[in-house]
Amino acid sequence: MRQGYASKIVLTVYLVLLMLPIYWLINMSLRTNTDIVSGLALWPHHPTLVKYVEIFNDPSWVNAFGVSLTYVAINTVISVTVALPAAYAFNRYHFVGDKHLFFWLLTNLMAPAAVFAMPFFQLYYAVGLFDTVWAVALAHCLFNVPLAVWILEGFVSGVPREIDETAAIDGYSFPHFFIRIFLPLIANGVGVTAFFCFMFSWVEELLATTLTSSNALPFAAVMTRSYSAAGMDWALLSAAGVLTMVPGAVVIWFVRNHIAKGFALGRV
Amino acid sequence: MNHKPLNNRAWFFVLPVLAFVMFSSIIPAMTVVNYSVQDTMGANSFFWNGDQWFRDLLDPSTEIGARFNDALFRTLAFSLVALAIEVPLGIVIALNLPRKGKAVGVSLVLMALPMLIPWNVVGTIWQIFTRADIGLFGAALTGLGLHYNVTEDAVSAWVTIVVIDVWHWTPLVILLSYAGLRAIPDAFYQAARIDGASRWAIFLNIELPKLQKVLVIAVLLRFMQTFMIYTEPVVVTGGGPGSATTFLSIDLVKIALGQVDLGNAAAMSLVYYLITLTVCWVFYTIMTQIERRRDA
């Protein structure tokens, strides 16, 4: 992987192409609709924040943003918490049915969300959770919990077993060992896993919109709703789109040094 | 891996995971199985329908069978095209990323950005970007004199969906490949340089074997995601023009939530799920066999 001029050019061209659609969205969000339809402009000639102000002053948009962040946070906490002991067990112990169980967990990642849309609707309606943030948070556990177990297991395997044994000989109780000694050792892994849970819950749209109707409308649903409103409000949609990128951009900054390893499920 | 102690109390560690995933997986799955063997006359009266829904689905001469067949073929074709572009492109870009330095962090953050955009917003971005009147991409293609119209021309719609997926998910392949490449010790490259190995020889004999493990993960994840693609085509093309980009997920949601045709939808769900599972399992088994043979 030597860095010649050719490499730099390839990389730069790729990154420019990658950022172009995002730049275009930002460009649109800073213009007015009359300005947009009047013709193409490579940059906003009269930049205005009027659409952002409109979103911040409309409670339905602000609420929806809060709803989305709430179910993503609940889901991330649940997924990482329940996955931690399981990942440890899968890596350290042999128990009846362990391989089958692990494979079954992974099969849940292969279930298309479309398959579950209808039964989820009925299930959460029946238990009275329909149209709450809990419905979406729990539904997203379907793919985030198995994913969290998978990633964390990779990071657990990177910690030598001798550490567990030494701690036991030194007389640490298991909970004490797990929380005070083991968790700090895989802190990076926990961070990366939380990032992935955040990411997949934040970007998912089909289940989130199916399981909510009015009280817990996610941001995506409010965007879809403003679609059908008379005429396309391109500038408003663009501004809303730009805002949905902010949480992701903030979160990724914290895990930027471990992100590559996380995508490899801690296995390189 | 083999000297793990046997400890059945480890089950207690797994129970919370089991509880959460079971709730979201087994109960809905049973609902689907239930619908797949029953028919309804409306008003909550269900009766046993045996395997009739499945027979209809798998028989291309029925209406639903033909529809399923077409959607399945479209989805498989889409997965193959997307993989054929994303995997090589991802490897090439990863090879061109520097190993260390300031540029790495910035590049990785920029590359991960598309993956953090909600899928419907990805759709919105491209819906705008591909319009001939207000989008750069659409305007550029039309300006070059090409016939490009996402809502009316099937080829345009297909190209657009593929371009979106490549834009959205090639970074995943890049990040995975990059993680694999970084795990190669410098000594390997030095040895190759002393032997006077060509760039291509280094790639084939050092880098590609090291990449195999991460590429298996990449191909599996990408296959699953492309095979389940839903939100982006719904926003950008709405499954059209006609049914040119009606992939399996889209068709399923139309049947289940649009027509509330529960029997057909449930049977389709199960067959769809089994196909995904089988393809992943076959691919994974073959790859681990190859790996074992090479290591032996």
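Predicted model, so just to flag it, every value in this text is computed and none were measured.

**Focus: the overall build of chain B**
Okay, so step 1: Counting its regular elements, chain B contains 12 helices and two strands.
Okay, so step 2: Shown N-terminal to C-terminal, the secondary structure of chain B runs as helices and strands in the order α-β-β-α-α-α-α-α-α-α-α-α-α-α.
Okay, so step 3: Referenced to the eigenvectors of the C-alpha coordinate spread, the extents of chain B come out at roughly 75 × 70 × 35 Å.
Okay, so step 4: Sorting the 296 residues of chain B into buried and exposed places 40% on the buried side.

**Points about the packing of helix α6 (residues 113-126) of chain A against helix α1 (residues 11-36) of chain B**
Okay, so step 1: At a minimum axis distance of 9 Å, the contact between α6 of chain A and α1 of chain B shows a crossing angle of 105°. Our classification of the angle between α6 of chain A and α1 of chain B gives roughly perpendicular. Together, Val115, Phe116, Pro119, Phe120, Gln122 and Leu123 of chain A of α6 of chain A and Ile27, Pro28, Thr31 and Val32 of chain B of α1 of chain B make up the contact between the two elements.
Okay, so step 2: Class assignment for the residues of the contact of α6 of chain A with α1 of chain B results in eight nonpolar, two polar and no charged.

**Concerning the interface of chain B and chain A**
Okay, so step 1: Contacts between the two partners involve 80 residues from chain B and, on the opposite side, 82 residues from chain A.
Okay, so step 2: At 14 residues, the largest contribution of residues to the side of chain B that touches chain A is made by α1 of chain B.
Okay, so step 3: Among the residues making up the side of chain B that touches chain A, the classes are represented as 60 nonpolar, 16 polar and four charged.

**Observations concerning the domain arrangement of chain A**
All names here are of chain A.
Okay, so step 1: As far as domains go, chain A holds domain 1 (1-48) and domain 2 (53-263).
Okay, so step 2: Each of domain 1 and domain 2 has a C-alpha centre, and these two points are 30 Å apart.
Okay, so step 3: With eight residues of domain 1 at the interface, the matching set in domain 2 holds seven residues.
Okay, so step 4: In terms of residue count, helix α1 (residues 5-29) provides more of the side of domain 1 that touches domain 2 than any other element does, four residues in total.

**So, the environment of Gly65 of chain B**
All names here are of chain B.
Okay, so step 1: Mapped onto the elements of the fold, Gly65 is located in helix α3 (residues 63-96).
Okay, so step 2: Given 15 C-beta atoms within a 10 Å radius, Gly65 is considered partly exposed.
Okay, so step 3: Spatially, the C-alpha atom of Gly65 lies 9.7 Å from that of Trp53, the residues being 12 residues apart in sequence.
Okay, so step 4: Apart from residues lying up to four places away in sequence, Gly65 is in contact with Asp56, Leu57, Leu58, Asp59 and Pro60.

**Overview of the nonpolar core**
Okay, so step 1: Grouped together as the largest cluster of nonpolar side chains are 163 residues, with contacts concentrated most on Ala83, Ala117 and Val149 of chain A.
Okay, so step 2: The greatest single-element share of this core, amounting to 19 residues, is contributed by helix α7 (residues 133-157) of chain A.
Okay, so step 3: Domain assignment of the residues forming this core places at least three in each of domain 1 (1-48) and domain 2 (53-263) of chain A.
Okay, so step 4: For Val149 of chain A, the contacting residues outside a window of four places in its chain are Ala83, Ala86, Ala87, Phe90 and Leu105 of chain A together with Val17 of chain B.

**Looking at helix α9 (residues 199-227) of chain B**
Residue and element names in this part refer to chain B.
Okay, so step 1: For α9, built from 29 residues, the straight-helix expectation of 42 Å at 1.5 Å per residue is missed by more than 12%, its first-to-last C-alpha distance being only 35 Å.
Okay, so step 2: Taken as a whole, α9 carries its principal kink of about 50° at Gln212.
Okay, so step 3: Buried residues of α9: Glu207, Leu211, Val214, Ile217, Ala218, Arg222, Phe223, Thr226 and Phe227, and no others.
Okay, so step 4: Where α9 is buried, its residues contact α3, α7 (154-182) and α12 (262-295).

**Focus: unusual backbone geometry**
Residues and elements named next belong to chain A.
Okay, so step 1: Residue Asp131 is not a glycine yet carries a positive backbone phi of 65°.
Okay, so step 2: Among the structural elements, Asp131 can be located in the loop between α6 and α7.
Okay, so step 3: A residue is classified by how many C-beta atoms lie within 10 Å of it, and Asp131, with 17 of them, is partly exposed.

**A short note on the environment of Leu274 of chain B**
All names here are of chain B.
Okay, so step 1: Relative to the elements of secondary structure, Leu274 occurs in helix α12.
Okay, so step 2: Exposure remark for Leu274: the 11 C-beta atoms within 10 Å place this residue in the exposed category.
Okay, so step 3: Between the C-alpha atom of Leu274 and that of Val14, which follows or precedes it by 260 residues, the distance is 25 Å.

**Quick notes on the environment of Gly180 of chain B**
All names here are of chain B.
Okay, so step 1: Locating Gly180 in the fold gives a position in helix α7.
Okay, so step 2: Classification of Gly180 by C-beta neighbours within 10 Å gives buried; the count is 27.
Okay, so step 3: Sequence separation between Gly180 and Leu211 is 31 residues; the distance between their C-alpha atoms is 5.4 Å.

**Brief notes about the confidence of the model for chain A**
Okay, so step 1: Confidence in the prediction for chain A averages 85 pLDDT; 94% of positions are at 70 or higher.
Okay, so step 2: When pLDDT is averaged over each helix and strand of chain A, the minimum, 66, is found for helix α14 (residues 259-263) of chain A and the maximum, 93, for helix α4 (residues 59-92) of chain A.

**Structural notes on the confidence of the model for chain B**
Residue and element names in this part refer to chain B.
Okay, so step 1: Looking at chain B as a whole, its pLDDT mean stands at 85, while 96% of the residues score no less than 70.
Okay, so step 2: Of all secondary-structure elements in chain B, the lowest mean pLDDT belongs to strand β2 (residues 46-48), at 71, while α3 reaches the highest, 91.
Okay, so step 3: This prediction of the complex comes with two scores: 0.86 for pTM and 0.85 for ipTM.

**Quick word on the packing of α7 of chain A against α1 of chain B**
Okay, so step 1: Interaxial distance between α7 of chain A and α1 of chain B falls to 8 Å at its minimum, and their mutual angle equals 135°. Judged on the interaxial angle alone, α1 of chain B and α7 of chain A are oblique. Read as a crossing pair, α7 of chain A and α1 of chain B show a hand that is left-handed. On α1 of chain B, the residues touching Leu138, Ala139, Cys141, Leu142, Val145, Pro146 and Val149 of chain A of α7 of chain A are Val17, Phe20, Val21, Phe23, Ser24 and Ser25 of chain B.
Okay, so step 2: Across the contact of α7 of chain A with α1 of chain B, the residue classes break down as 11 nonpolar, two polar and no charged.

Rules used throughout
- Counting from 1, residues in each chain are numbered in the order their sequence is written.
- Working convention: letters from A go to chains and numbers from 1 go to ligands, in the order in which they are written.
- Residue-level local features of this predicted model are given only where pLDDT is at least 70; pairs of side-chain atoms are given and counted only at 80 or more, and the full residue set underlies all totals for whole chains, interfaces and linings.
- Numbering of helices and strands runs from the N terminus; a helix is a DSSP stretch of H or I covering at least four residues, while a strand is a stretch of E covering at least two.
- Burial in this document is a count-based property: other C-beta atoms within 10 Å of a residue's C-beta are tallied, and the residue is buried at 20 or more, exposed at 12 or fewer, or partly exposed in between, with C-beta positions derived from the backbone.
- With axes taken as lines fitted to C-alpha atoms, and helix axes fitted only over the stretch in contact, angles between N-to-C directions fall between 0 and 180 degrees.
- By definition in this entry, angles of less than 35 degrees are roughly parallel, angles greater than 145 are roughly antiparallel, angles of 65 to 115 are roughly perpendicular, and the rest are oblique.
- Two residues qualify as a contact pair if the distance between their C-beta atoms, derived from the backbone, is within 7 Å.
- Amino acids outside the nonpolar list (Ala, Val, Leu, Ile, Met, Phe, Trp, Tyr, Cys, Pro) and the charged list (Asp, Glu, Lys, Arg) are all regarded as polar, and Gly is one of them.
- Residue ranges labeled as domains rest on an automatic or database domain assignment.
- Only buried residues count toward a nonpolar core: Ala, Val, Leu, Ile, Met, Phe, Trp, Tyr and Cys, linked into one set through C-beta atoms within 7 Å.
- Expected helix span is taken as 1.5 Å per residue step, with the number of steps being one fewer than the number of residues.
- Working definition for bend: take the seven residues up to and ending at a residue and the seven starting at it, fit an axis to each, and measure the angle between the axes.
- The predictor attaches a confidence to each residue, and that confidence, scored 0 to 100, is pLDDT.
- Left-handed is the label given to a crossing in which the near helix is rotated counterclockwise from the far helix by less than a right angle, and right-handed is the label when the rotation is clockwise.

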